[in-house]
Amino acid sequence: MLIALIARDKAGALHIRKDTRADHLAYLQSTGVVSQAGPLIVDGDMAGSLVILDVADMAAAEDWAANDPYAKAGLFDSVELIEWKKVV
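For clarity, every value in this text was computed on a predicted model and none was experimentally measured.

Moving on, we come to unusual backbone geometry. Glycine aside, residues mostly have negative phi angles, and peptide bonds mostly take the trans form. Residue D43 is not a glycine yet carries a positive backbone phi of 55°. Locating D43 in the fold gives a position in the loop between β2 (34-42) and β3 (45-54). Judged by its relative accessible area of 79%, D43 falls in the exposed class.

As structure tokens, then:
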């Protein structure tokens, strides 16, 4: 099952993103369920995340999201998990 994780950073939290980035990137690589990932850009600065997860079910996506170092650091204002279908 493919799940799109769309997360928006809290206002003024770019320093949290930068300070936690290495741990977040290591998590992306170590879990083995990330199909694609990258930051959302607003006015030239990183302001959120888009991660495509390939997981067994929504519960696995929720667990992945809860354990993301960005989430644990309190970076996000909102996180949305949506089932996604790849067409192209």
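Next comes the rest of the account.
Here helix α1 (residues 14-31) spans 24 Å end to end across 18 residues, near enough to the 26 Å set by a 1.5 Å rise per residue. Largest kink in α1: about 55°, centred on R21. Of the residues making up α1, those classed as buried are R17, T20, H24, Y27 and L28. Residues of α1 that are buried make contact with β1 (2-9), β2, β3, α2 (58-67), α3 (69-72) and β4 (76-83). The first or second residue beyond α1 is G32, which carries a positive phi of 75°.

Here α1 crosses α2 at 150°, and the two axes come no closer than 11 Å. Our classification of the angle between α1 and α2 gives roughly antiparallel. The element α1 and its partner α2 pack so that their crossing is right-handed. Residues Y27, L28 and T31 of α1 pack against D63, W64 and N67 of α2. Tallied by class, the residues present in the contact of α1 with α2 amount to three nonpolar, two polar and one charged.

Definitions and cut-offs
- Residues numbered from 1 in each chain as written.
- Predicted model: local features only at pLDDT ≥ 70, side-chain atom pairs only at ≥ 80, totals over all residues.
- Heavy atoms only, no water.
- Helix = DSSP H or I, 4+ residues; strand = E, 2+ residues; numbered from the N terminus.
- Buried < 20%, exposed > 50% of the residue type's maximum accessible area, 1.4 Å probe, protein only.
- Expected span 1.5 Å × (residues − 1).
- Bend = angle between axes of the 7 residues up to and from the residue.
- Contact = heavy atoms within 4.5 Å.
- Axes fitted to C-alpha atoms, helices over the stretch in contact; angles between N-to-C directions.
- Parallel < 35°, antiparallel > 145°, perpendicular 65-115°, else oblique.
- Left-handed = near helix turned anticlockwise from the far one by under 90°.
- Nonpolar A, V, L, I, M, F, W, Y, C, P; charged D, E, K, R; others polar.

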